[in-house]
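The lines below spell out each chain.
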Amino acid sequence: MRASRVLTFARYEARRAVARKKVLALVALTILIGTAPYYLLDVIHTSLVTPPIRPYMWVLGVFLPQAFFVQFTALLIAAGSMSEEYEQGTAEVLLSKPVSREEYFFGKYLGGYSLLVSIVTLDAMLSVTSATFVFGPQMGLGILPLTVLSQMLAASVFYSVAFMFGELMRRSSLSYIVSASVFFTSEVIGVYLNVLFSLTGSGIYRTANLYLPTSSVDSLPLLLAEPKLPSVVLTILRFGATPVEPSVLVSALLILAYTLTAVIVSLAYFGSMDVAKRVT
Amino acid sequence: MGQRLDEVVTFQQAVKDYGPKVIGPITFSVQGGEIVGFLGPNGSGKSTTIRMLLGLIKPTSGVVRLFQKDPLREHVKALAHVGYSPELPNLQSFLSPRELLRLTARELGLDEETNTQLIDILEDVGLVQYADYKIAKLSKGMVQRLSVAQAMVGTPKILILDEPMIGIDPAGVVQFRSMFRDFVKDGGTIIMSSHILSEVEALCTSLAVIHSGRMVFRGGVEGFIQQSLSSRSLVVEVGLPGATESLVRRISSMPGVTRVTPNTTGMLVEMKKEVDSRAEIAKAVVESGSPLLGLHYSGSELDEAYINAIRLTTQ
């Protein structure tokens, strides 16, 4: 596998994703999410933002989109990455060149993922900038790089799942629906298991919850940030999500396991199947 | 496998089993320097054959080789000098022609210094003035030209062209024809699938005819016509005073001539396929005192031969 070809496909994929209007819409939404809430809070409910919270307002914009917006973005970018090439009939021209399927596969995977990473980074930067601008100097920013990195890693789970369904189904809308269903089902089951655990105290519900893909995805950034944030900020954050996983290591391992499984399955399928003519 | 060294393409008992439909077994080869017209009705297996050759689909059984290499297992080596233009050129509409050719060059491992070469290619296919337009804004014919252009990037030794002339205006057809001839003159090989038989007749040096997943003919154009037609029609064009009764009688009496039909430009002579009386007919016209303006087989012979061949295979 040659790195230059992987890079060629990665650049191509990023360019292709940007050319799609829905990805542009996501970038616009990222800008909105990273800025608008701060200005709204400032204008409408300034009294809600008490002095101890003001220096940590950046946390809101960085952490709250993690549970839905970042995962939704991952699904949207990845579900069409492979499948749209089949639907548009462009896969056969790209693969009729002297490039290996692995170069094509990893190039496209990394290209879309780099776009996702850019969106996560953009959201973090906008949140910190807006919080500073509206609520004054921000504190605890030392944990920001690790938080953003953990969000990037966590986002790889549903990015890879959607990428896998895109290859398996070769229909963008179907792969998006299926991968989104997996995501929402996992979230909903997680909520039910939490409620059942609270009501019954039975460990089986807690254990089952640990293995849901959304649990590790939601937990990792929070687990990393929790020790470094004041309790008043953590209280606010827990409105959004509570870490389910017992440790950073377990959470990271589960994320890697889900990501690698999806990548291996899709690569094996792609490597063994015919390159479809235009899928209609 | 006993392949000849100049054998560019080899199919040996290659089969693609789709379940309800089976393509093959296909056995044929293409030598370097040929322009092969790949003919067959819709759904006969042309695209499957081409896609097996490009390593896009895996044969269920049999052997497929491109430059003596397996296009699936040795994809990078086998495809190193191959240019492919698909039947429906579904190109990336968000790119410009220049960007598409640059992408293709990068896929081929060529660097930025090929920029001049890319512009030359766009010039060759008549798209240089549209180099920076979005492909989405190009007409169907322009996209077809671009599809051929991307196949020409790098140093292809073989062009695999699926219906390359569709949507191309007459000037473009002439331009492409000359470009393809130059390509072969420079040592290249072309496999061209087409339904425009006049184009195939004008350009191709040999034919591969496939029907219902089976190769029904492989050989020269002339051989195919000979094999598929029971008789041949010769157009004889004469100047004033035209085809006289005595000339018609003389030609009618020649061995193998089955019918002579005088018309406004001369006559149409039908002959048994195994007979070639062109020299005798030319001599007869000249001796009759009429100037001989033209003597050629009917332009629609390949069409007739093709239709006959397909009909016979279907029966």
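Here the structure is a predicted model, which is why all the values come from computation and not from measurement. (Residues numbered from 1 in each chain as written. Chains lettered and ligands numbered in written order. Predicted model: local features only at pLDDT ≥ 70, side-chain atom pairs only at ≥ 80, totals over all residues.)

When helices and strands are tallied, chain B shows eleven helices and 13 strands. For chain B, the C-alpha atoms occupy an extent of roughly 70 × 45 × 35 Å along the three principal directions. Within chain B, the fraction of its 315 residues that count as buried is 42%. Considering only intrachain contacts with a sequence separation of at least 6, the fraction spanning at least 24 residues in chain B is 67%. (Helix = DSSP H or I, 4+ residues; strand = E, 2+ residues; numbered from the N terminus. Buried ≥ 20, exposed ≤ 12 C-beta atoms within 10 Å, placed from the backbone. Contact = placed C-beta atoms within 7 Å.)

Residue and element names in this part refer to chain B. Domain boundaries assigned for chain B yield domain 1 (7-225) and domain 2 (229-314). Summarising the inter-unit geometry, the C-alpha centres of domain 1 and domain 2 are found 36 Å apart. With 14 residues of domain 1 at the contact, the number on the domain 2 side is ten residues. Only helix H7 (197-203), strand E8 (206-211), strand E9 (214-220) and helix H8 (221-228) provide two or more residues apiece to the side of domain 1 that touches domain 2. (Domains from an automatic or database assignment.)

This paragraph deals with the interface of chain B and chain A. Of the residues lining the interface, 22 residues belong to chain B; the matching set on chain A comes to 21 residues. Counting only elements with at least two residues in the side of chain B that touches chain A, the list comes to helix H2 (75-78) and helix H3 (97-107) of chain B. Across the side of chain B that touches chain A, the residue classes break down as 13 nonpolar, six polar and three charged. (Nonpolar A, V, L, I, M, F, W, Y, C, P; charged D, E, K, R; others polar.)

Right, let's talk about H3(B) for a bit. The element H3(B) is extensively covered by neighbouring structure, given that eight of its eleven residues are classed as buried. Turning to H3(B), its buried residues are Pro97(B), Leu100(B), Leu101(B), Leu103(B), Thr104(B), Ala105(B), Arg106(B) and Glu107(B). If you follow the buried residues of H3(B), they end up packed against helix H1 (3-19) of chain A together with helix H4 (115-124) and helix H5 (140-152) of chain B. Just past H3(B), the residue Gly109(B) takes up positive phi, approximately 85 degrees.

In this section: H5(B). Every α-helical turn comprises 3.6 residues, leaving residues that sit three or four positions apart pointing alike. All names here are of chain B. Taking 1.5 Å of rise per residue, the 13 residues of H5 would be expected to cover 18 Å, and the 19 Å separating its terminal C-alpha atoms lies within 8% of that figure. Buried positions along H5 lie against strand E5 (82-85), H3, H4, strand E6 (158-162) and helix H6 (170-185). Two residues or fewer past H5, Gly 154 is found with a positive phi of approximately 90 degrees. (Expected span 1.5 Å × (residues − 1).)

Residue and element names in this part refer to chain B. Taken together, six strands build an open sheet; the order of strands is E5-E6-E7-E3-E8-E9 and the sheet is mixed. The two strands at the open ends of the sheet, each matched to only one other strand, are E5 and E9. Mean inter-strand twist for the sheet, computed between neighbouring axes without regard to direction, equals 15 degrees. The sheet strands contacting H6 are strand E3 (35-39), E6 and strand E7 (189-193), and the helix crosses E7 at an angle near 145 degrees. (Pairing = 2+ DSSP bridges. Axes fitted to C-alpha atoms, helices over the stretch in contact; angles between N-to-C directions.)

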